[in-house]
Amino acid sequence: TKWEEYSDFQICSDSKLQAEVIFMGGGNATIVYQNRETAVGATKKLSHEILKKTGGTLKFAVAYLDTECKNYLNDRDELINELKINKYRMIHQAPLLGIGITRKGNTDGLPATKAGDDKNEYISKSARIKRDIFKYNKYFDHMLPNTVDYDFPLEFDDLGQKKGENYIAVVHIDGNNMGQKLGSLLKFDRSAEYQKSIQIIRSFSKEVDVKYRSAMRRVVLKLADGLKTDAFYKRLDPVVKNQKLILPIRPIVRSGDDVTFVCNGKIGIALAEAFLMQLYKDPGIHINGSVIEFSACAGVAIVKSHFPFYRAYHLAKELCKSAKMKGKILAKQNGVEDIANWLDFHIVQTGITTNLKEIRDRFYQVPGMEGPDGLIYEEYGDVQMKLGRYNLLWRPWCIAGNCDEKYEWDRFRDIYTAFTKKKKDEVLWKRSRLKKLESEMSKSESDVQAYVRECKSRGFRLPECSGNSHLYRDEQTPYFDALELLDFYVQLPEAEEVSHEN
């Protein structure tokens, strides 16, 4: 089972082994058994354990394939297709809810089985198991600068929010084209035997895990270093408990190229930016004579602290998918393989009951203004990929990598800096004017153009972006993104700032 510790594949040559894990991670596992009977028996036991521990809230699909351990790639393709079919055929049922005399769990609405830490709080069995695992396993403590002075928060209310600024950010990051990268390594020879193919898979899986673990830890360390500066510390006002500084970030998932964390709402964008930049700067890995470079996309959902976490997480995944789609389409149009590192975000000011597309269709098209064409990639006359575009959105933005200059993150930072910089020797954009500009943009094109002319007559000019200061370019504006983030983009201090003040 400890597949990370060795590279040789042994079960096909050692009849004493009943099972061998090829790899496991990110919600997926591939295991070879001596016979189908053993495989089915293990699946039954796993099903029973999952049912006991989650009360039916977690499900999984399984596929079996008899093999002679000769051609791994063909076996893998057949097994994946069978697994997809089994997933589609699964009957998705909600877990059995309570009868009339049961009490609902405070966190998920499932039947409560016991009181939580607070005796007035009743939680379900699965909620209790999740809390116990987080409390006692300390799974992410290795990312802390040290466990004596720092800790991660157990409660979202300890992410350093100030009164009236009660927002958190749910950040979801996912690697780009990971299956394609692994497939390119395996397709060196479709007749390759299991031994060589599995060695490549294990090396690839371990290297991916190392890269993303390193990037996550460096983000945590950069945040901890940033809190050593007075200005940054005061902007976040972190919590101190038991003589430990509670970092305003809580890792949730870190498995392979799948990363999710929650943080103070003001630094969600900056931490996602730092993660993607770290991944971009890291050197590629060398496997089987090939160099593999990594990139990823991020979705950042900024919500109130007590907003339902599942909905915020789902929104963050939708945003990550949006960023990925833009990167893929533009990469295809430009004839490049790597889709670069893209980021999309959304700020939820009120309750949300619809998906991302419906929200943007409703709130980010200017009334009476023609909408921009969607971003489309066609092949052989058929639309292969399509992404909707909106008058008020320039995002997703490209944090790093090969992309069109107008979408580079530096262009966003130019606009944001021009709107927020403070100098005595020039006319500044006052906050009240920026908020009115944001409001006028949502009304109509004529209203905002009139207001822009008024601002210009008083010395307030739109900053340049990609060589000009036109409000709209092809029915889209790059300025609204920066206006929305006026209260939600606190940049991390650079290394020289930290060393200067300490």
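A few points on the structure. Along every chain, residues carry numbers that run from 1 in the direction the sequence is written. Restriction of local features to residues with pLDDT of at least 70 applies here, the model being predicted, together with a cutoff of 80 or more for giving and counting side-chain atom pairs; totals for whole chains, interfaces and linings are based on all residues. Remark: hydrogens and water are excluded; side-chain values derive from all non-hydrogen atoms of the structure.

Regarding the sheet that holds strand E7 (residues 239-241)
- For two strands to be treated as a pair, DSSP must find no fewer than two bridges joining them. The secondary structure listing takes helices from DSSP runs of H or I that are at least 4 residues long and strands from runs of E that are at least 2 residues long, numbered from the N terminus. Read from one edge to the other, the open sheet built from three strands follows the order E5-E8-E7, with strand pairing classed as mixed. Edge positions in the sheet fall to strand E5 (150-151) and E7, since each has one partner strand and no second.
- In the sheet, E5 pairs with strand E8 (residues 244-246) via two bridges, with the strands oriented parallel. Counted as the bridge partner of Asp 151 is Ile 246 from E8.

Some thoughts on the state of the cysteines
- Disulfides are defined in this document as cysteine sulfur pairs within 2.5 Å. Under the definition given, this model contains one disulfide.
- One disulfide bridge connects Cys 12 with Cys 69, the sulfur atoms lying 1.9 Å from each other. Since a negative S-S torsion denotes a left-handed disulfide, the Cys 12-Cys 69 link at about -45° is left-handed. A residue pair is termed long-range when its members are at least 10 positions apart, and Cys 12 in the segment before strand E1 (19-25) and Cys 69 in the loop between helix H1 (36-54) and helix H2 (72-89) qualify at 57 residues.
- What makes Cys 12 partly exposed here is its relative accessible area of 42%.
- Counting only cysteine sulfurs, Cys 320 is the nearest neighbor of Cys 263, a cysteine outside any disulfide, at a range of 15 Å.
- You can see Cys 465 has no disulfide; the closest cysteine sulfur is in Cys 403, sitting 12 Å from it.
- Residue classification places Cys 465 among the buried positions, given a relative accessible area of 2%. Burial classification: accessible surface area is computed with a 1.4 Å probe over protein chains only, and a residue below 20% of its type maximum counts as buried, one above 50% as exposed, and the rest as partly exposed.

Examining the pairing of strand E14 (residues 341-347)
- Across the seven residues of E14, seven count as buried, placing the element largely inside the fold.
- Covered by surrounding structure in E14 are Asn 341, Leu 343, Phe 345 and Ile 347 together with Trp 342, Asp 344 and His 346, the residues of both alternating faces.
- Judged from the three bridges that link them, E14 and strand E17 (residues 397-400) form a sheet pairing that is antiparallel. Counterpart to Trp 342 in the pairing with E17 is Cys 398.

Remarks on the pattern of salt bridges
- Between Lys or Arg on one side and Asp or Glu on the other, a salt bridge is scored when a side-chain nitrogen of the former is within 4 Å of a carboxyl oxygen of the latter. The tally for this structure, following the rule as stated, stands at 25 salt bridges.
- Between Lys 241 and Asp 158 there is a salt bridge, with the nearest N and O atoms lying 2.7 Å from each other. Within this pair, whereas Lys 241 is found in strand E7, its partner Asp 158 is found in the loop between E5 and strand E6 (167-175), the two being separated by 83 residues in sequence.
- Asp 209 is paired through a salt bridge with Arg 213; the nearest N and O atoms lie 2.7 Å apart. Taken together, the residues span about one helical turn, with Asp 209 and Arg 213 both in helix H5 (residues 194-226) at a distance of four residues.
- Members of the salt-bridge network, linked through shared partners, are Asp 344, Arg 360, Arg 395, Asp 481 and Glu 484.

Note that every value here comes from positions in space, so none of it alone points to a role or purpose.
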